[in-house]
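Topology and contacts: notes
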Amino acid sequence: TQLLEQSPQFLSIQEGENLTVYCNSSSVFSSLQWYRQEPGEGPVLLVTVVTGGEVKKLKRLTFQFGDARKDSSLHITAAQPGDTGLYLCAGEVGSNYQLIWGAGTRLIIKP
Amino acid sequence: NAGVTQTPKFRVLKTGQSMTLLCAQDMNHEYMYWYRQDPGMGLRLIHYSVGEGTTAKGEVPDGYNVSRLKKQNFLLGLESAAPSQTSVYFCASTRDGVTEAFFGQGTRLTVV
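This report concerns the structure included in the present document. (Residues numbered from 1 in each chain as written. Chains lettered and ligands numbered in written order. Predicted model: local features only at pLDDT ≥ 70, side-chain atom pairs only at ≥ 80, totals over all residues. Heavy atoms only, no water.)

All names here are of chain A. The strand order across the open sheet formed by five strands is β1-β3-β8-β7-β6, and the pairing between neighbours is antiparallel. Of all strands in the sheet, those with a lone pairing partner are β1 (5–7) and β6 (55–58), marking the two edges. Sheet twist, expressed as the mean angle between neighbouring strand axes with direction ignored, is 15°. Two strands pair when backbone bridges link them, and strand β3 (residues 19–24) and strand β8 (residues 71–76) are joined in this way by six bridges, in the antiparallel orientation. Across the sheet, residue Thr20 finds its bridge partner in β8, namely His75. (Pairing = 2+ DSSP bridges. Helix = DSSP H or I, 4+ residues; strand = E, 2+ residues; numbered from the N terminus. Axes fitted to C-alpha atoms, helices over the stretch in contact; angles between N-to-C directions.)

So, in structure tokens, the structure goes:
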């Protein structure tokens, strides 16, 4: 069974703090996607990382793909209440034509 | 551009009743998926389709059936609802199975 483990499961911090959430697996992924899901909505894609060691920035969000393409991290600088949501990672494995999903990190940013 | 549209958004069923959830996408995507999302368990794949007229089982298919008679539509059926099927159901589509997944807004189903 291919698993994507996300940690922490839940994180509540004050506005302005920095945080990092993780997505780990024993499997090698061809690519990995990060989504954010807000209450009552479906997940929305934030970024896709493809190359081992790749770093992508989206304003205050920094995404990194591990060198071995088995793990990824999302770092948020100076978190804001608008960053509140469920962050999901999803990995592409081989030619399975399916994405493997992590259980998500629920993030709450308190004003 | 509507993207992925799910109907209904909310539904309450009694145990043993049946219902169909409808998913429609206007992006001409080949791949469509039905997931259920439960607290702490992320998205679990129920069934998926790689093209019109095809369906396949996912991780948790028991108690559900699907049909993809038209490319743009993917239907999820519950023949005899059980309380364990209380969940939020999401439909998604992708162009080729592994690029960006577009999701509907979800259907919150409660089985009493």
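Residues and elements named next belong to chain A. Burial along strand β11 (residues 105–110) is one-sided: the face carrying Thr105, Leu107 and Ile109 is buried and the face carrying Arg106, Ile108 and Lys110 is not. Pairing of strand β2 (residues 10–14) with β11 involves five bridges; the strand directions are parallel. Directly across from Gln14, in β11, lies its bridge partner Lys110. Examined bridge by bridge, strand β9 (residues 85–92) and β11 share three bridges and lie antiparallel to one another. Along β11, the bridge assignment pairs Gly85 with Leu107. (Buried < 20%, exposed > 50% of the residue type's maximum accessible area, 1.4 Å probe, protein only.)

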